[in-house]
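Structural description and commentary
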Amino acid sequence: MSRTQSRSVLLVAALTAALVALVGCSGKSDDQKSSAPTAEANLPAADGLLKDSSTAMSGIKTAKFLITADGTIAGLALKRAEGVLTKEGNAQGTAQVEQGTTVDLAFTIVGQTMWLKGPTGDYQQLPLSLAATVYDPSAILDPERGIAKVLSTATEGKTEASESVGGKDTYRASAKFPGENLSKIVPGVTGTIPGRLWIAKDSKRLLKATFDLPASGEAKGGTVTVTFTEFDAAVTINPPK
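What this report covers is the structure whose coordinates are included nearby. (Residues numbered from 1 in each chain as written. Predicted model: local features only at pLDDT ≥ 70, side-chain atom pairs only at ≥ 80, totals over all residues. Heavy atoms only, no water.)

1. Some points on the overall build of the chain
Scanning the chain from terminus to terminus reveals 5 helices and 11 strands. The buried share among the 241 residues of the chain stands at 47%. Approximately 11200 Å² of the chain is accessible, and the part contributed by carbon and sulfur atoms is 48%. (Helix = DSSP H or I, 4+ residues; strand = E, 2+ residues; numbered from the N terminus. Buried < 20%, exposed > 50% of the residue type's maximum accessible area, 1.4 Å probe, protein only. Areas by Shrake-Rupley, 256 points an atom, 1.4 Å probe, with all protein chains shown as cover.)

Shown next, in the form of structure tokens:
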């Protein structure tokens, strides 16, 4: 594996561990699709909704995640990733990356060690510090750096409608997100990024978020979607044998 390929693989593995990203433009299952919006006279103010969601996400210990990327996004080879994540940064799952052709990967992260497995061969053991230079996989559930921080620093929030996501009632809100915080979830992001959030009405947990990333150079831009489910389920992640 070349140095360039290794860096791409590390980036994807770190993204899948985090989040990540950090969500379903393509390949979504039916239960992850949002229903049509429902008109509602008294939607809650977005500022309070985002604050409550930030607080709720700060306390999450584990979650199952799905990330999808649609379009051509500068610096992002990830097409799809899914798995489980802990607040400590441990993670396990699979990813698809684009490297001329689509490459399927399996990954496990425990503590400061990452294991990666491509379509052929065994797992390769790597120090997490190699990936952390590109992305810190513990960031997504870290209250000071991850999704809770992204929610608390959003601006121009607007609650738009009520929708159902995965059979759960949510409020859909739009907002803009500072790149300096969102980059902990989606590496390479700069400026201010528009997006939408689907926040559970009862628990105020974030169930889905989409971020619209701009064109850059030859990349035409696209959308990264992150979906969270199975919050605080019992999760045991061990190194592969």
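2. Details of the packing of aromatic side chains
One pass over the full model with this rule turns up 1 aromatic pair. Judged by centre distance (5.3 Å) and plane angle (85°), the rings of F177 and F211 are edge-to-face. With F177 in strand β8 (residues 168–178) and F211 in strand β10 (residues 206–213), this pair connects stretches of sequence that are 34 residues apart. For the residue pair F177 and F211, the accessibility class agrees, reading buried in each case. For the cation-ring pair, K208 lies above W198, with the distance from its terminal atom to the ring centre recorded as 4.3 Å. (Phe/Tyr/Trp six-rings, centres within 6.5 Å; stacked < 30°, edge-to-face > 60°. Lys NZ or Arg CZ within 6 Å of the ring centre and 35° of its normal.)

3. Overview of the pairing of strand β9 (residues 192–200)
By the bridge criterion, 9 bridges tie β8 to β9 in an arrangement that is antiparallel. Bridging from a neighbouring strand, S174 pairs with R196 of β9. (Pairing = 2+ DSSP bridges.)

4. What to know about the side chain of E163
Tracing the backbone shows E163 in strand β7 (residues 155–165). A distance of 2.6 Å separates polar atoms of two side chains, one belonging to E163 and the other to R172. (Polar contact = N/O pair within 3.5 Å; in protein donor to acceptor, adjacent residues only side chain to side chain.)

5. Comments concerning the pattern of salt bridges
Inspection of the entire model under this criterion finds 7 salt bridges. The salt bridge involving E156 is made with K176; its shortest N-O contact spans 3.5 Å. One end of the pair, E156, is in strand β7; the other, K176, is in strand β8, and 20 residues separate them in sequence. Judged by relative accessible area, which is 57%, E156 ranks as exposed. Overall, the relative accessible area of 33% leaves K176 in the partly exposed class. Linking E160 and R172 is a salt bridge whose minimum nitrogen-to-oxygen distance equals 2.7 Å. Taken together, the positions of E160 in strand β7 and R172 in strand β8 put the pair 12 residues apart, joining distant regions of the chain. Under the relative-accessibility criterion, E160 is labelled partly exposed at 24%. Overlapping salt bridges, with partners in common, bring together E160, E163, R172 and R196 in one network. (Salt bridge = Lys/Arg side-chain N within 4 Å of Asp/Glu carboxyl O.)

6. Regarding the pairing of β8
Where β7 and β8 come together, 8 bridges link them in antiparallel fashion. Paired with K158 across the bridge in β8 is S174. If you look at the hairpin formed by β7 and β8, you'll find 2 residues sitting between the two strands, and G166 has a positive phi there, around 60°.

7. Describing helix α2 (residues 46–58)
An ideal rise of 1.5 Å per residue puts 18 Å on 13 residues; α2 measures up with 18 Å between its terminal C-alpha atoms. All of the buried residues in α2 are A46, L49, L50, S53, S54, A56 and M57. Within α2, the buried residues cover an arc of 165° as seen down the axis, which keeps them to one side. Facing away from the buried side of α2 by over 90 degrees, the exposed positions are D47, K51 and T55. (Expected span 1.5 Å × (residues − 1). Arc of directions from axis to C-beta.)

8. Topic: the environment of I60
Considering the arrangement of structural elements, one finds I60 in the loop between α2 and β1 (62–72). Judged by relative accessible area, which is 0%, I60 ranks as buried. Sequence-wise, I60 and K87 are 27 residues apart; in three dimensions their C-alpha atoms are separated by 7.1 Å. Filtering out sequence-adjacent residues up to four positions away, I60 remains in contact with K87, L141, R205, F231 and D232. (Contact = heavy atoms within 4.5 Å.)

9. Quick look at the environment of A154
Among the structural elements, A154 can be located in the loop between α4 (147–152) and β7. Not counting chain neighbours up to four residues away, the residues in contact with A154 comprise L50, A175, K176 and F177.

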